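# Overview (structure and organization)
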Amino acid sequence: MTRVQHDYVPQEIEPKWQKRWDETKLFNAEFDSKKPKKYVLEMFPYPSGRIHMGHVRNYAIGDVMARYFRMQGYNVLHPMGWDAFGLPAENAAIQNKVHPLKWTYENIANMKAQMSRLGVSYDWRREVTTCAPEYYKWGQVMFLKMLDQGLAYRDKRSLNWCPSCSTVLANEEVVDGQCWRCDSNVEQKEMDQWFFKTTQYAQQLLDDLKQLQQWPERIRHMQTNWIGRSEGAEIDFTVDGHQEKIRVFTTRPDTIYGVNALILAPEHALVLKLSRGTSQERAVGEFIKKMKSLDKSARTSEDSEKEGVFTGGFAIHPLTKAKVPVWIANFVVTDYGTGALMAVPAHDNRDHAFAVKYKLPIVQVVALDSKSPGETELPFVDEGVSINSELINGLSTSEAKTKIIAELVRLGIGEARVNFRLRDWGISRQRYWGCPIPVIHCEKDGVVPVPENQLPVLLPDAVQFSGKGGSPLAHHESFVKTKCPKCQGPARRETDTMATFVESSWYYARYCAINHHTSAVSKSDCQNWLPIDHYIGGVEHATGHLLYVRFFHKLMRDWGWVSGDEPATQLICQGMVYKDGAKMSKSKGNVVDPDELVSKMGADTARLFMLFAGPIEKDLEWSDKGVEGCHRFLGRVYRLVMNSLEELRSIKPIDVATTPEAKKLQHLLHKTVKSVTFDIEKDFHYNTAISFMMEFVNALYLVDLKAADKESQGVFRNCLEKLVLMLAPFAPHMCDELWEQLGQKGFTLDQNWPKFSESLAQVSEKEVVLQINGKIKDKITVSAGTVDAELQRLALANTKIVEILKGQAPKKIIVVKDKLVNIFI
């Protein structure tokens, strides 16, 4: 039949519906205790000025979830905000002569407009901006609470220093020896810094990983290794000729008789004293200087060459009383254990390589079999039987460990110990654009917390940004000079600011309430909405933000602010977006601008491609043809509805089918609804869900609506309505337009998600044999469950049967349902 052709013009459709959604406050979330809840959250972005395709993918993933769950009857919280502090704003101030505050808020306005153009269903009433005083005030309150409990403290440490950014970096911010932001080589620098005592929660952070069964296995594995629990013993070695003792940590106290050296971190407090006045003093000094220019993670990498220097000093073995040389080496750091270890080259790969390189003696003290120890290949790092070990010869490794520890305790020279690789979190940053640390330094009273009624400590507006000499705050006289809250004497403010990761560690709980000003979070609202049900972000945050957010949740739990041990039930790590085989970046010239794509093909096309191009957890390779294909598909859906509107207006949707054609359509509908629902529910397989809808559309295009029987027309109309609802979370603008054009009221978001019948979804076609007087004459295909009367009608209408009967009336017809029709003449 001739149909009026309608063009799909997203540039007209999308602004129309964005305006309506905004005017009706469609995305506002109000808690309803009568409904089950879903808290869907994408990690909030840094306001760099423009969103990129990685953002588009992230937000599209979360938005489909939020829309789908709302249509399934859930009470959905879907907020967004801005991780707004950080170095880029300060660098922009230096380069462009613009204040970070102005730069940041202009960027937020741009990115918020871009998000709105994508049609993402955020409740903007809950918007969080971490650089806003009304937000970071509560970060300062938390700091003071931690300071009061001994969970925040100041200490002088050798720390990671980025010379380019002129600031300290946490271990988690150093990637392959380089700054995570600017890729500059990281150095070691000794400074007074503020720390959070994450180590106090190390065991909980490790144990509670068991609760996170819906987090990716690799994230849990990475955090397990980062926390790094080790059981063993600490042992004291007396320094020869000195009063001091060197305490070492080892996981294998049973190998103590195989010690050939003690190896200290170059930063260890005793190193210079041990080498002073010896022939090794100069070599030790040069080695320490060399180590200061290297990042600790690079030094301790398994792939790095093992280097060391003899200090010139000796220690006394606690059991044998033999002299043991004391060395320093690049692979020992003060951040783990005691900053000193006992080298046992026969039973440790690293110690063995070191001993071979520097020609140190190797003594075997564990064998696979005590009767034939010589057959054990060294280094032998597994458990076995102790040999050449006076107190423990013949004992198994576990027995030997127990006995050695007991002996060390008896002698007062050691104890059992559990150590963690996790270090306390260094939060000081020598920058302006961050949350001020709310303490005051007084010569009389020392470190004094700013009284809570004087918070927030505000960042001063009038500052000079030179990019040199550390933080501009340190040179801002009116900010630095103040009075001590205790003695009222002259004092100075802390000029370090907090790491941006601090402010992003509790934002998710702040979203739960609207316009809440009396505390950091609303306990009752957190009780309603937490934990996050689906948290979406990148795997690169595994040992940074995703560890800190767990730490902060446990803090807030212990303060009675939130309940539960963990902030998020499920973590979904989306893959990167690549083009031409490389991650999109300006330097590679392979960036696709989301604004240009939306202007040309529409937001729904951008969303659909990001979700159709592959599983959400896998990296996505950009394809212009793929984008065009998604745009064509949306156009086909649009025309499928619009080109039939004249006929559809007089047709009522039905989900009852008795005719073969209607049954086929009904089966196809229920099968598609089941498949799409299953793939969204099961690990959010959006790409295959979209594929099922594409197949559904192809089948619907084969229907001749004008020629179809009335029942089939009703089922066809029902198919179109359900298609629009299924596609709505993916392409909401076009689907709301089609929903309206079909004469329906309201938004697709407020409709119920289509239901399916298991039996109708499983219906399949059956082959029925046609016989005359028991002899097979033909076969026909019908829908399973076709009634007997319909089977008889189809059989008598069959061309071959008609030719044989030649108008003769059958004497008898026997129907064996779904199998055969036997006609007797």
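Shown above is the structure to which this text applies.
Scope of this entry: the structure provided in the associated data block. This one's a predicted model, so the numbers in the text were calculated from it and none came from an experiment.

Regarding its fold elements, the protein chain presents 28 helices and 34 strands. Relative to its length of 825 residues, the protein chain is extended, with a C-alpha radius of gyration of 35 Å against a globular reference of 28 Å. For the protein chain, with 825 residues in total, the buried portion stands at 54%. Looking at the protein chain alone, contacts between residues at least 24 apart form 73% of all its contacts between residues at least 6 apart. Element-wise, carbon and sulfur atoms account for 49% of the exposed surface of the protein chain, whose accessible area totals about 36,400 Å². Taken as two groups, the 104 positive and 102 negative side-chain charges of the protein chain have centres that lie 3 Å from each other.

The next subject is the sheet that holds strand β30 (residues 620-621). Read across the open sheet, the 3 strands follow the order β29-β28-β30; overall the sheet is mixed. What marks the edges here is a single partner per strand, and that holds for β29 (582-583) and β30. Relative to β29, strand β28 (residues 577-579) is paired through 2 bridges, and the arrangement is antiparallel. Across the sheet, residue Lys 579 finds its bridge partner in β29, namely Ala 582.

What follows deals with the state of the cysteines. Applying the stated criterion across every chain, the model contains 0 disulfides. Note on Cys 487: no disulfide assigned, nearest cysteine sulfur contributed by Cys 442 at a separation of 3.7 Å.

Across 5 bridges, strand β33 (residues 812-816) lies against strand β34 (residues 820-824) in antiparallel orientation. The partner of Val 816 across the bridge, within β34, is Leu 820. Here β33 hands over to β34 after 3 residues, with Asp 818 in that stretch at a positive phi of 65°.

Here the focus is the pattern of salt bridges. Using the criterion set out here, one finds 47 salt bridges in the structure. Across the pair Asp 123 and Arg 125 runs a salt bridge, and its minimum N-O distance is 2.8 Å. With relative accessibility at 0%, the residue Asp 123 sits in the buried group. In this structure Arg 125 comes out as partly exposed when scored by relative accessible area, which is 31%. Between Asp 240 and Lys 323 there is a salt bridge, with its nearest N and O atoms 3.2 Å apart. Within this pair, whereas Asp 240 is found in the loop between β10 (229-239) and β11 (245-250), its partner Lys 323 is found in strand β14 (residues 323-329), the two being separated by 83 residues in sequence. Residues joined by salt bridges that share partners form a network here, namely Glu 234, Asp 236, Arg 247, Glu 415 and Arg 417.

Turning next to the environment of Glu 661. Within the secondary structure, Glu 661 sits in helix α22 (residues 660-681). Between the C-alpha atoms of Glu 661 and Leu 530, which are 131 residues apart in sequence, the distance is 49 Å. When residues no more than four places from it in sequence are discounted, the contact partners of Glu 661 are Asp 709 and Ser 712.

Taken together, the 4 strands give an open sheet; going across it, the order is β32-β31-β34-β33, and neighbouring strands pair in mixed fashion. Unpaired on one side and paired on the other, β32 (775-783) and β33 mark the two borders of the sheet. Going from strand to strand, the sheet's axes swing by 20° on average, the running direction of each strand aside. Set on the sheet, helix α27 (residues 788-797) makes contact with β31 (765-772), β32, β33 and β34; between it and β33 the angle comes to about 120°.

Leftover empty space is mapped by rolling, across the atoms, a probe with the size of a water molecule. Following the criterion strictly, the structure yields 2 cavities of 30 Å³ or more and no others. Space inside the largest cavity adds up to approximately 150 Å³. Taken together, 15 residues form the lining of the largest cavity, with Gly 86, Leu 87, Arg 429, Ala 499 and Thr 500 sitting closest to its centre. Looking at the lining of the largest cavity residue by residue, the classes come out as 6 nonpolar, 5 polar and 4 charged. If you add up the space inside the second largest cavity, you get close to 40 Å³. If you trace the second largest cavity, you find it lined by Ile 51, Gln 114, Arg 117, Leu 118, Pro 594, Asp 595 and Val 598. Listing elements by their share of the lining of the second largest cavity, those giving two or more residues are α4 (100-117) and α18 (594-601).

The next thing to look at is unusual backbone geometry. With an omega dihedral of 0°, the bond running from Leu 378 to Pro 379 counts as a cis peptide bond. As for its position among the elements, Pro 379 is in the loop between β16 (366-367) and β17 (385-386). Positioned with a positive phi, Lys 97 is a non-glycine residue whose angle comes to about 55°. With respect to the helices and strands, Lys 97 occurs in the loop between α3 (87-96) and α4. Although it is not a glycine, Asn 773 sits at a positive phi angle of roughly 55°. Within the element layout of this structure, Asn 773 appears in the loop between β31 and β32.

All right, on to the packing of aromatic side chains then. Remark: the centre distance and the inter-plane angle together describe each pair of aromatic rings, the angle taken between the planes. Under the counting rule described, the total for this entry stands at 40 aromatic pairs. Between Phe 85 and Tyr 136, the aromatic rings sit 5.6 Å apart at their centres with planes inclined by 45°, giving tilted as the arrangement. With Phe 85 in the loop between β3 (81-82) and α3 and Tyr 136 in helix α5 (residues 133-148), the pair connects residues that are 51 residues apart, well separated along the chain. In this pair, the class of Phe 85 matches that of Tyr 136, namely buried. Considering the side-chain rings of Phe 684 and Tyr 686, the 6.1 Å spacing of their centres and the 65° angle between planes classify their relative orientation as edge-to-face. Of the residues examined, Phe 684 reaches a relative accessible area of 4% and is grouped as buried. Look at Tyr 686 and you get buried, because its relative accessible area is 1%. Among the aromatic side chains, those forming a connected cluster through ring pairs are Phe 143, Trp 194, Phe 196, Tyr 201, Trp 425, Phe 501, Tyr 548, Phe 551 and Phe 552. The ring of Trp 17 has Arg 20 lying over it, and the distance from NZ or CZ to the ring centre is 4.5 Å. A cation over a ring is seen here: Lys 38 above Tyr 74, with NZ or CZ 5.3 Å from the ring centre.

Turning next to helix α23 (residues 686-700). A rise of 1.5 Å per residue sets the reference length of α23, with its 15 residues, at 21 Å; its end C-alpha atoms lie 21 Å apart and thus fit the reference within 8%. Of all the residues in α23, the buried ones are Tyr 686, Asn 687, Ala 689, Ile 690, Met 693, Met 694, Phe 696, Val 697 and Leu 700. Where α23 is buried, its residues meet α2 (53-71), α19 (603-612), α20 (624-642), α22 and α24 (710-727).

Moving on to the packing of α20 against α24. Helix-helix packing: each pair is described by the crossing angle between the helix axes and the interaxial distance. In contact at an axis separation of 11 Å, α20 and α24 are set at 145° when each is read in the N-to-C sense. Regarding α20 and α24, the two cross each other, and that crossing is left-handed. Here Phe 633, Leu 634, Val 637, Leu 640 and Val 641 of α20 come into contact with α24, specifically with Phe 716, Leu 720, Leu 723 and Leu 727. The class makeup of the residues in the contact of α20 with α24 is 9 nonpolar, no polar and no charged.

About the criteria used
- Residues numbered from 1 in each chain as written.
- Predicted model: local features only at pLDDT ≥ 70, side-chain atom pairs only at ≥ 80, totals over all residues.
- Heavy atoms only, no water.
- Helix = DSSP H or I, 4+ residues; strand = E, 2+ residues; numbered from the N terminus.
- Rg over C-alpha atoms; globule rule 2.2 N^0.38 Å.
- Buried < 20%, exposed > 50% of the residue type's maximum accessible area, 1.4 Å probe, protein only.
- Contact = heavy atoms within 4.5 Å.
- Areas by Shrake-Rupley, 256 points an atom, 1.4 Å probe, with all protein chains shown as cover.
- Lys, Arg positive; Asp, Glu negative; His and termini not counted.
- Charge placed at Lys NZ, Arg CZ, Asp CG, Glu CD.
- Pairing = 2+ DSSP bridges.
- Disulfide = S-S within 2.5 Å.
- Salt bridge = Lys/Arg side-chain N within 4 Å of Asp/Glu carboxyl O.
- Axes fitted to C-alpha atoms, helices over the stretch in contact; angles between N-to-C directions.
- 1 Å grid on protein atoms, 1.4 Å probe; cavity = no way out; pocket = protein on both sides within 12 Å on 5 of 7 lines; lining within 4 Å.
- Points joined across faces, edges and corners; volume = space filled by probe spheres on them.
- Nonpolar A, V, L, I, M, F, W, Y, C, P; charged D, E, K, R; others polar.
- Phe/Tyr/Trp six-rings, centres within 6.5 Å; stacked < 30°, edge-to-face > 60°.
- Lys NZ or Arg CZ within 6 Å of the ring centre and 35° of its normal.
- Expected span 1.5 Å × (residues − 1).
- Left-handed = near helix turned anticlockwise from the far one by under 90°.

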